2 protein chains.
Amino acid sequence: MSYQALSAASLPAYLASVPALRERFSDLGDLEVAEVGDGNLNLVFLVTQRGRPEQTLVLKQALPYLRCVGESWPLTRHRMDIEVRALQVFGALCPQHVPEVFHASSEMSLVAMRRLGEHIVLRHGLIAGTVYPKLADHLSTYLARTLFFTSDLHLPPEAKKQAVAAAANTELCKITEDLVFTHPYDDSPSNAYPPGLPRAAIERIQRNAGLRAAVAEMKYLFMTAAEARLHGDLHTGSVMVNGDETWVIDPEFSFYGPMGFDTGAMLANLLMAWLAAEPRQRAAGNDPATYQAWLLDTVCAVWEGFEAKFLALWRAQEAQGQGFIGKDLDGDSAEAFRAAFMRRLFADTLGFAACKIMRRIVGLAKVADIAGIADEAARTQAEVRALRLAEHLLLNRRDIASMDGVRAALRGVCSASLSS
Amino acid sequence: MSYQALSAASLPAYLASVPALRERFSDLGDLEVAEVGDGNLNLVFLVTQRGRPEQTLVLKQALPYLRCVGESWPLTRHRMDIEVRALQVFGALCPQHVPEVFHASSEMSLVAMRRLGEHIVLRHGLIAGTVYPKLADHLSTYLARTLFFTSDLHLPPEAKKQAVAAAANTELCKITEDLVFTHPYDDSPSNAYPPGLPRAAIERIQRNAGLRAAVAEMKYLFMTAAEARLHGDLHTGSVMVNGDETWVIDPEFSFYGPMGFDTGAMLANLLMAWLAAEPRQRAAGNDPATYQAWLLDTVCAVWEGFEAKFLALWRAQEAQGQGFIGKDLDGDSAEAFRAAFMRRLFADTLGFAACKIMRRIVGLAKVADIAGIADEAARTQAEVRALRLAEHLLLNRRDIASMDGVRAALRGVCSASLSS
């Protein structure tokens, strides 16, 4: 079938034409179909058999245009191929945290997959102050498995290099290169400065040669370090949760890049949720300390769980045969490399987390956690703290030895009286 | 024409079939043809019109097999495509140091190019104690232009990513991954230990967890850091020289990798020439200090010239439009990034140089500079000094601020009484 945008009316006929989809419903003539996408990039249909809620799926179709002027049709359609391939790769490595793909069509630029009907977007859950006891365990498992098994630490060199080539995603990488690593720092017209944020706070990051050099180092790593297949946009809006399950969705930015970009993105978004929790919990009449304590424990447990699981996968692989370094003649060398590797990866993680935080405060795209704080003074305080935290993490990324250093940095920015 | 290995007898008919080659000679019936390759990997023909020495070329053809058992025919033939493409890319960027390609055929796995009839292999010239006053200037120009213009600092992201994909060279990278970064350190049967080298000197690098972790970090960078199109095997045997000219040949290992691998390879080979010069000059009845002083000045001038020219290209590009970091609002940020970039690249350079030195002492492939020293005691001393130098440069690569630190390291290994 050549490409055509589907509608609620045309969807049943399309489902009927695909055996893998047709067989999921008992009566295609009596479906409930709702289009819930925002309509700018993708159509998103929720499809359910009336009266049989277990017969359900979500179908996502890329629209053949982007808001950005000048993006051509073929590039736009390629976006969905990348998302589908990433869902398949990550799903094979981590089926408990990546929704199953039922059917994908490159021609139609669509994917049909498991519907997560009893889950909400993690960011919404964190804004609401919900505790997810299994979240850190789930996210650290997802990160460890997807990053380890797609890297040179696991794959033979030939398979890894083929995987890198197959995961090329130039167009969406360019968006990140601009919106995360360039525009927020050079006073670009695309930036959206929060109304209450002092100009001095903005200039503090835009006119700081050391900070901008460090941002450029992170950008250069993003563009050159083909370590693992990344999700590429792993914020708390790309995660669906309930009390029992955690699902990572929307990997359309996936490509081979530096591992710290995924781990850093998740840390950044959880740290911003922590900063937002104080005014939000207070406004809700709660002592913020309770929810913030859980959130901070979760941030730390995501990194520490990731590190432990990643190292366990690595050691298990090595126990089955020759490792990355070759034979470990003195018995200490493989562990010495692992220690150096994780120190470097933690520094990368903090550096990328910092860039992700700064772009969310002064760049084009915001996070609702902070941008949605109703009280302007409280919102501005969270924004200034976020920028100070990012500055500290970025400039000290190679000297912060563990998450204790991140806890200390949070205490620092919250105890200081920050006007900008 | 389908593939067939050429011979001196069949060559004239092949030349006649290619207009671009035919027109280079006045009489194809009266050529002087000599096959000078070693016959394991490539045939190399020198072709000259009898009595007209200016009508000459070199023709290099890949043989459809490798010594290594198991390499398949198509991969082997692909080697020549890579070399041709690299010669073309580097030749366009630096025509004064890369021989002109007259004709290439993927089907025949051959390339015909300018013959460097009045030049010798740089390694042979250094072994003979010849001074090349222009060498450092030429090599630093070659390195600066090839590395800068193929990097993200110059190319638009889309062009860079396409270039990375087009330069894939999995098979030859695997040789480097094994022979440079793995086998020398894990007591592989492929190693060739010099007869006089004490076992303790070998175990000093093979049973040193810190050193092996650092080697693994360099290997990981080699496999993941797609910074620029590299020569990939830039030792002094890949350079042809005379008093006026310098030509870089044999880029069959070319791929997108870390810049420091090329700069480090050249530094390593010049440093080994320096270590070899002491016994060689002494055996020739000369004061070694004279030639060593020129060699060490040359090592330093290669790096320092490279750094100055690379930075000049970068600044010139930035002066024409927006730079890598975006707009430089305070006027200091772009230079701060450049300083951080060069510090990191110098550390990479020293780390890769160290790996290149160690593999040449204990690994499979030797350098004639050191391996050809006739006196065993003198040869062993040079080998032990080379290993100590490599150890020092690798472990201190991030703390050595300039070539002064390399000079100091050389003084250190030469003044110490090293038994292993």
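Residues numbered from 1 in each chain as written. Chains lettered and ligands numbered in written order. Predicted model: local features only at pLDDT ≥ 70, side-chain atom pairs only at ≥ 80, totals over all residues. Heavy atoms only, no water.

Visitor: So what about the environment of I361 of chain A? Which residues, and what values?
Guide: All names here are of chain A. Relative to the helices and strands, I361 resides in helix α12 (residues 333–362). A residue is classified by how much of its surface remains accessible, and I361, at 2% relative accessible area, is buried. Linking I361 and P194, residues 167 residues apart in sequence, is a C-alpha distance of 7.4 Å. If we skip the residues at most four places from it in the chain, I361 touches A192, P194, L197, K366, I370, E383, A386 and L387. (Helix = DSSP H or I, 4+ residues; strand = E, 2+ residues; numbered from the N terminus. Buried < 20%, exposed > 50% of the residue type's maximum accessible area, 1.4 Å probe, protein only. Contact = heavy atoms within 4.5 Å.)

Visitor: Give me the sheet that holds strand β6 (residues 120–121) of chain A: which residues, what numbers.
Guide: Residue and element names in this part refer to chain A. Within the open sheet, the three strands sit side by side as β6-β8-β9. Their pairing is antiparallel. Each having just a single partner strand, β6 and β9 (246–248) make up the two edges of the open sheet. Bridging between β6 and strand β8 (residues 239–241) involves two bridges; their strand directions are antiparallel. Within β8, the residue paired with I120 across the bridge is V241. Seen against the sheet, helix α5 (residues 135–149) touches β8 and β9 and runs at an angle of roughly 35 degrees to β9. (Pairing = 2+ DSSP bridges. Axes fitted to C-alpha atoms, helices over the stretch in contact; angles between N-to-C directions.)

Visitor: Talk me through the interface of chain B and chain A; I want residue IDs and the actual numbers.
Guide: Contact residues are listed per partner, giving 46 residues for chain B and 46 residues for chain A. Looking only at chain B, the three residues that lose the most surface to chain A are Y220, F324 and L329 of chain B, adding up to 18% of its buried area. There are four salt bridges connecting chain B and chain A. Between K161 of chain B and E177 of chain A there is a salt bridge; the shortest N-O distance is 2.8 Å. In this structure, the connection of chain B to chain A is made through 18 residue pairs in polar contact (both at pLDDT 80 or more). Put simply, the parts of the chain that give the side of chain B that touches chain A at least two residues each are α6 (157–166), α7 (170–179), α9 (209–224) and α12 (333–362) of chain B. Per-element accounting of the side of chain B that touches chain A gives the leading share, nine residues, to α9 of chain B. Grouping the constituent residues of the side of chain B that touches chain A by class yields 19 nonpolar, nine polar and 18 charged. (Buried area = accessible area lost by both parts, 1.4 Å probe. Salt bridge = Lys/Arg side-chain N within 4 Å of Asp/Glu carboxyl O. Polar contact = N/O pair within 3.5 Å; in protein donor to acceptor, adjacent residues only side chain to side chain. Nonpolar A, V, L, I, M, F, W, Y, C, P; charged D, E, K, R; others polar.)

Visitor: Can you lay out the packing of aromatic side chains for me, pointing to particular residues and giving the numbers?
Guide: Evaluated as defined, the whole model comprises 42 aromatic pairs over all chains. Taken together, a centroid distance of 5.5 Å and an interplanar angle of 15 degrees make the contact between F324 of chain A and F337 of chain A stacked. Here F324 of chain A, found in the loop between α11 (288–319) and α12, pairs with F337 of chain A, found in helix α12; they are 13 residues apart in sequence, far enough to count as distant. Each ring, one from F90 of chain B and one from Y142 of chain B, has its centre 6.1 Å from the other, and the planes form 70 degrees; the classification is edge-to-face. (Phe/Tyr/Trp six-rings, centres within 6.5 Å; stacked < 30°, edge-to-face > 60°.)

Visitor: Go over the relation of the copies chain B and chain A, please, and point to the residues and values.
Guide: Laying chain B over chain A is done by rotating through 180 degrees and shifting 0.0 Å along the axis; what remains is an RMSD of 0.0 Å. Such a combination of turn and shift is consistent with a two-fold rotation axis. Taking C-alpha positions as reference, the residue of chain B nearest the rotation axis is A225 of chain B, located at 2.4 Å. A share of 100% of interface residues in chain B that are also interface residues in chain A marks the association as one of identical surfaces. (Least-squares fit on C-alpha atoms with pLDDT ≥ 70 in both.)

Visitor: Summarise the domain arrangement of chain A; cite the residues concerned and give the values.
Guide: Residues and elements named next belong to chain A. Splitting chain A by domain gives domain 1 (11–113) and domain 2 (120–415). Taken together, the contact between domain 1 and domain 2 spans 20 residues of the former and 22 residues of the latter. Carbon and sulfur atoms make up 66% of the area that domain 1 and domain 2 hide from each other, which totals about 1,900 Å². One salt bridge connects R79 with E252, and the closest N-O pair in it is separated by 3.6 Å. The interface formed by domain 1 and domain 2 holds four residue pairs in polar contact (both at pLDDT 80 or more) in total. A per-element tally of the side of domain 1 that touches domain 2 places helix α3 (residues 73–93) first, with eleven residues. Within the side of domain 1 that touches domain 2, the residues separate by chemical class into eleven nonpolar, four polar and five charged. (Domains from an automatic or database assignment.)

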